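Breakdown of the fold
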Amino acid sequence: IGGVVLDGKWNDRIGAPVREGEFLFRVAPLGELRIELRVDGRDIRHLEPGQAGTLATVAFPSRRVPITVESIEPFARADDAEPGVFRVHATLDERPEWLLAGMEGTARVTVGEASYAWLWTHRAVSWVRLRLWL
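Quick summary incoming for the structure in this document. Source: prediction; values computed, not measured.

Things to note about the pattern of salt bridges
Tallied over the full model, the rule gives 3 salt bridges. The closest approach of N and O atoms between Glu36 and Arg87, which form a salt bridge, is 3.5 Å. Of this pair, Glu36 sits in strand S3 (residues 34–40) while Arg87 sits in strand S7 (residues 83–92), and the two are 51 residues apart along the sequence. Close ionic contact of Arg42 with Asp40 constitutes a salt bridge, the shortest N to O distance being 3.2 Å. Residue classification places Arg42 among the partly exposed positions, given a relative accessible area of 48%.

Observations regarding the nonpolar core
Formed by 16 residues in total, the largest nonpolar core has its most connected members in Ile35, Leu37, Val39, Ile44, Ile67, Val88 and Leu92. If you list the elements that add at least two residues to this core, you get S3, strand S5 (65–72) and S7. Top element by residues in this core is S7. It accounts for 4 residues. Each residue touching Val39, except ones within four places of it in the same chain, is listed here: Ile44, Leu47, Gly84, Val85, Phe86 and Val88.

Concerning the pairing of strand S4 (residues 52–57)
Two faces, one strand: in a regular strand the side chains alternate between the faces of the sheet. Pairing geometry for S4 and S5, over 4 bridges, is antiparallel. Note that in S5 the partner of Gly53 across the bridge is Ile67. One ladder, built from 5 bridges, connects S4 with strand S8 (residues 105–109); its direction is antiparallel. Bridging across to S8, Leu55 finds its partner in Ala107.

Cut-offs and rules
Residues numbered from 1 in each chain as written. Predicted model: local features only at pLDDT ≥ 70, side-chain atom pairs only at ≥ 80, totals over all residues. Heavy atoms only, no water. Salt bridge = Lys/Arg side-chain N within 4 Å of Asp/Glu carboxyl O. Helix = DSSP H or I, 4+ residues; strand = E, 2+ residues; numbered from the N terminus. Buried < 20%, exposed > 50% of the residue type's maximum accessible area, 1.4 Å probe, protein only. Core = buried A, V, L, I, M, F, W, Y, C linked by side-chain atoms within 4.5 Å. Contact = heavy atoms within 4.5 Å. Pairing = 2+ DSSP bridges.

Spatial relationships are all this shows, so hold off on functional conclusions.
The structure is reproduced here in structure tokens:
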């Protein structure tokens, strides 16, 4: 299997016993790359498959790559580091040579238009509505 090792410190474990199902390392295939977006639960309602966006990596922040939302996982991850975060999968519309497996960055997805007033206040308004309901 051809791939690139993305994560794992298996050098420290040479000669140590391994249990079935234990994580050793993560490998990315050499072929097609998939983009994984982590979206806050408050914003997931605005996303749907087929929406277009752009990706900027940490390594090359000035270069933008077009992406398309492919699928949205129907449940949030119960992770202590990022509670209430949904995983959204996207595909690259084009594959630049400099983009490598394991790169991280920021993506922006076009979801529609809204006024600046709504953008600045909608989270506070939602928080107040929830507190009044409780």
